[in-house]
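Examining the three-dimensional arrangement
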Amino acid sequence: MSELYVDTASLSTAASTADNASDDVAGVKITSGMTDVSTGMPGASALESTASVGESVDAMAKKLSEVLSEYSAALTGAMESYTAADNKTSIDFAAFDKVVEG
């Protein structure tokens, strides 16, 4: 007989970790700092691209934050669905046990 076991505490921990990572990544903003590159590297040939690099990194960080937030929500939803199904099954078998034990 095979059994399905879901460790809801692990799902909860993973969801919380993903949510915290989402918050951390949401704070990544380098565009404004990229404009200061010109003061540290006057005359450098790549200075024109630093602003677009900063914008690209910020956009990727925003997208990663959104994905991590959705992942956290999916893990939480899976945990809640499993818990609800597991509780319903327990209730169903409790009623069965009462009839059998009669």
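Note on numbering: residues in each chain are counted from 1, in written sequence order. Side-chain atom pairs in this predicted model are given and counted only at pLDDT of 80 or more, local residue features only at pLDDT of at least 70, and totals for whole chains, interfaces and linings cover all residues. The basis for the side-chain values is all heavy atoms of the structure; hydrogens and waters are excluded.

This part covers the overall build of the chain. Within the chain, the regular secondary structure consists of 4 helices and 0 strands. Note on conventions: DSSP H or I runs of at least 4 residues are helices, E runs of at least 2 residues are strands, and numbering of each starts at the N terminus. In the chain, the order of α-helices and β-strands from amino to carboxyl end is α-α-α-α. Per-residue accessibility, obtained with a 1.4 Å probe over protein chains only, is compared with the maximum for each type, and a residue is labelled buried under 20%, exposed over 50%, and partly exposed between these values. Going through the 102 residues of the chain one by one, you find that 16% of them count as buried. Residue contacts are counted whenever heavy atoms from the two residues lie within 4.5 Å of one another. Considering only residue pairs separated by 6 or more positions, the chain has 79% of its internal contacts joining residues 24 or more positions apart. Accessible surface computed for the chain: about 7,400 Å², of which carbon and sulfur atoms make up 61%. The method behind every accessible area is Shrake-Rupley, applied with a 1.4 Å probe, and residues are considered shielded solely by the protein chains displayed.

Tracing the backbone shows M79 in helix α4 (residues 47-101). Those residues in contact with M79 that lie beyond four places of it in its chain are T8, L11 and S12.

Turning our attention to helix α1 (residues 8-26). Residues separated by three or four positions in an α-helix point in the same direction, a consequence of the helix having 3.6 residues per turn. The first and last C-alpha atoms of α1 sit 27 Å apart over 19 residues, in line with the 27 Å expected at 1.5 Å per residue. Taken together, the buried positions of α1 are occupied by L11, A15, A18, S22 and V25. The buried residues of α1 occupy an angular sector of 95 degrees when the element is viewed end-on, so they sit on one face. A helix is expected to span 1.5 Å for every residue after the first. As used here, the arc belongs to the directions running from the helix axis to the C-beta atoms.

If you trace the backbone, V67 turns up in helix α4. Placed 48 residues apart in sequence, V67 and D19 show a C-alpha to C-alpha distance of 9.9 Å.

In this section: the pattern of salt bridges. By definition here, a salt bridge exists when the distance from a side-chain nitrogen of Lys or Arg to a carboxyl oxygen of Asp or Glu is within 4 Å. If you walk through the whole model with that rule in mind, you get 1 salt bridge. E66 is the salt-bridge partner of K62, the closest N and O atoms lying 3.9 Å from each other. Of this pair, K62 and E66 are both found in helix α4, 4 residues apart, which corresponds to roughly one turn of the helix. Relative accessible area serves as the criterion here: at 54%, K62 is assigned to the exposed category.

So, about the environment of S32. Relative to the elements of secondary structure, S32 occurs in helix α2 (residues 31-34). Separated by 23 residues in sequence, S32 and E55 place their C-alpha atoms 9.0 Å apart.

Following the sequence through the fold, D58 ends up in helix α4. Positive charges are assigned to Lys and Arg, negative charges to Asp and Glu, while His and the chain termini are left out of the count. Of the side chains with opposite charge, K29 comes closest to the buried, unpaired D58, at an N-O distance of 6.6 Å. When near neighbours in sequence (up to four residues on either side) are disregarded, D58 contacts V28, K29, I30 and T31.

If you trace the backbone, S65 turns up in helix α4. Not counting the four nearest positions on each side in its chain, S65 is found in contact with S22, V25 and A26.

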